[in-house]
Amino acid sequence: MNRSILENPKQEKQASTNLGLEDGLITQIWRTRLRKFYRTQIPSHIPLENQIWLTNPREIVDFNNRLNDGSEDFSNIEYVCILESLADVYDIIDFFSKLRQRTGIFTKVIYCNYNWLWSPMFAISGKIGFSRQRDPINFYRNGDIDCFMEMAGWENVKTIRSEEHTSELQSP
């Protein structure tokens, strides 16, 4: 296969690696629990129109396309909540760089990251239909994600770890 060094193979990729995969039995339950948890992190005075909720791979891809389009104004957005794993985002640095460029300086991102020790559990639950049967994914260490976010212009404000949830607030 001959390809020019000027061609970017990422241009043909969607923003999410799990686009089109069917949700498992517990995926919706997990998203509901995660959404409730994220809501506890957002001050109650922040209106819904100043929040963006990305709850599945299709919404991540659509939002990425809206960021690329450039016609919408996202400067009033205060919180971007990503309920999918960051490991499912194809190009994390590009996605968060565009998000940083298009949102206001006080925007915060809440996201979820899973430890690599969960990999066997995800594989087994995908095989039996409890969760999405996904291709092998990259599990990023929190330090790696902090580095990716810093490269995109964000900084870690808060890390929350519990048995059920690990999420981070990122701000410029």
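Please read all numbers here as calculations on a predicted model, not as lab measurements.

S.K.: Can you walk me through the overall build of the protein in this structure?
M.R.: Counting secondary structure elements, the protein contains 5 helices and 5 strands. Element order for the protein, N to C, with α for helix and β for strand: α-β-α-β-α-β-α-α-β-β. Within the protein, the proportion of its 172 residues that are buried is 44%. Long-range contacts, defined here as pairs at least 24 residues apart, represent 77% of the contacts in the protein between residues at least 6 apart. Total accessible area on the protein is roughly 10100 Å²; 52% of this is exposed by carbon and sulfur atoms.

S.K.: When you look at the pattern of salt bridges in this model, what are you seeing that I'm missing?
M.R.: Note on pairing: side chains with opposite charge can pair once their charged atoms come close. All chains considered together, the criterion is met by 4 salt bridges. Arginine 58 serves as the salt-bridge partner of aspartate 62, at 3.0 Å between the closest nitrogen and oxygen. Of this pair, aspartate 62 and arginine 58 both sit in helix α2 (residues 57-69), separated by 4 residues, roughly a single helical turn. The exposure class of arginine 58 is partly exposed, given its relative accessible area of 41%. Here arginine 66 and glutamate 72 are joined by a salt bridge, their closest N and O atoms 2.8 Å apart.

S.K.: When you look at the environment of asparagine 156 in this model, what are you seeing that I'm missing?
M.R.: By the element assignment, asparagine 156 lies in strand β4 (residues 155-161). Of the residues examined, asparagine 156 reaches a relative accessible area of 28% and is grouped as partly exposed. Considered as a pair, asparagine 156 and aspartate 146 are 10 residues apart in the sequence and their alpha carbons are 6.6 Å apart. Within the local environment of asparagine 156, its side chain forms a polar contact with the backbone nitrogen of lysine 158, the two atoms lying 3.1 Å apart.

Rules behind the numbers
Residues numbered from 1 in each chain as written. Predicted model: local features only at pLDDT ≥ 70, side-chain atom pairs only at ≥ 80, totals over all residues. Heavy atoms only, no water. Helix = DSSP H or I, 4+ residues; strand = E, 2+ residues; numbered from the N terminus. Buried < 20%, exposed > 50% of the residue type's maximum accessible area, 1.4 Å probe, protein only. Contact = heavy atoms within 4.5 Å. Areas by Shrake-Rupley, 256 points an atom, 1.4 Å probe, with all protein chains shown as cover. Salt bridge = Lys/Arg side-chain N within 4 Å of Asp/Glu carboxyl O. Polar contact = N/O pair within 3.5 Å; in protein donor to acceptor, adjacent residues only side chain to side chain.

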